[in-house]
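Below, each chain spelled out in residue letters.
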Amino acid sequence: MTVGYHPDHKILEKYATGDLGVGISLLVSAHLDHCEQCSRHVSQLTADAVNSFMEPVTDISYNLDSELDQLIGSIDTEVLNKSSVQREEDGKVTFLDKTFTLPRSMAYLASKELNWKEFGKNSRIAPVETTEEGNLYFIYLDKNEEVPQHGHEGIEYSYVAAGSYGSQSDIFNTGDFSSFDSQIIHTPKALSDDGCLVISWVEKRLNFFTGIFSPLNKIMWWYLHKA
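Residues numbered from 1 in each chain as written. Predicted model: local features only at pLDDT ≥ 70, side-chain atom pairs only at ≥ 80, totals over all residues. Heavy atoms only, no water.

As a further point, take the packing of aromatic side chains. Per the counting criterion, the structure on display carries six aromatic pairs. For the ring pair F100 and Y140, a centre distance of 5.7 Å and an interplane angle of 50° mean the geometry is tilted. Separated by 40 residues along the polypeptide, F100 in strand 2 (residues 98–101) and Y140 in strand 5 (residues 135–141) bring together distant segments of the chain. The class of F100 is buried, set by a relative accessible area of 10%. A residue is classified by how much of its surface remains accessible, and Y140, at 0% relative accessible area, is buried. Arranged with centres 6.4 Å apart and planes meeting at 35°, the rings of W116 and F138 form a pair that is tilted. You can see W116 sitting in the loop between strand 2 and strand 3 (117–118) and its partner F138 sitting in strand 5, a full 22 residues away along the chain. (Phe/Tyr/Trp six-rings, centres within 6.5 Å; stacked < 30°, edge-to-face > 60°. Helix = DSSP H or I, 4+ residues; strand = E, 2+ residues; numbered from the N terminus. Buried < 20%, exposed > 50% of the residue type's maximum accessible area, 1.4 Å probe, protein only.)

As structure tokens, this is what we get:
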């Protein structure tokens, strides 16, 4: 698969050395499964990092599966029941009449009870992980539907798990990785016939209101996270 948008060198370097935050690492791991170019880059960065601390060796093997297992274990160590384990193994998320297969790095998240919130006619958003550093979301946009125009207090990192969407003049397809900082105000719109599932890690919060309506952002954020 051809991937058009990638993490920048700094993000890949931090990922390779284990210095990248957990949430963003999940998105990068998913991207690496789709992108041979970035996967090779990370392997080389990891080899370089190892060489900087060790005597040169002729065979350096980077086991992504092992690293990924450790990462997942550090996030969520809850004991899953039998039915949850089955959901984790197939990594499928189902809501309404839609079923999506999550990236390998996030298959374990299928075991979670997701609280999908409605926005738009057939679009949904579900908080998945909430931490002090940021929040992980599944965002589903039905064809031609939009996330309302919004800005960012921090950085929003996103990975397209299925389908495609447009933002400003860019089009992001399955496997693409993107980041939007506090300077960007946008209105993402689903372009694919079957809709689009985006997985986003958001630092701080998104702001949908400005000016005298700014206090409503706290209410919106409360709505997204309430049980």
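What follows is about the pattern of salt bridges. If you walk through the whole model with that rule in mind, you get four salt bridges. Notably, a salt bridge pairs D33 with R104, separated by 2.9 Å at the nearest N-O pair. On the criterion of sequence distance, the pair formed by D33 in helix 2 (residues 22–34) and R104 in the loop between strand 2 and strand 3 is long-range, its members being 71 residues apart. The class for R104 is partly exposed, based on a relative accessible area of 40%. (Salt bridge = Lys/Arg side-chain N within 4 Å of Asp/Glu carboxyl O.)

Turning our attention to the pairing of strand 8 (residues 164–167). Going residue by residue along strand 8, you find S164 and G166 tucked away on one face and Y165 and S167 tucked away on the opposite face as well. Both strand 8 and strand 9 (residues 170–173) contribute to a ladder of four bridges, which runs antiparallel. For S164, the partnering residue across the bridge sits in strand 9 and is N173. Counting the residues between successive antiparallel strands, the hairpin from strand 8 to strand 9 contains two residues, one of them, Q168, with a positive phi of roughly 55°. (Pairing = 2+ DSSP bridges.)

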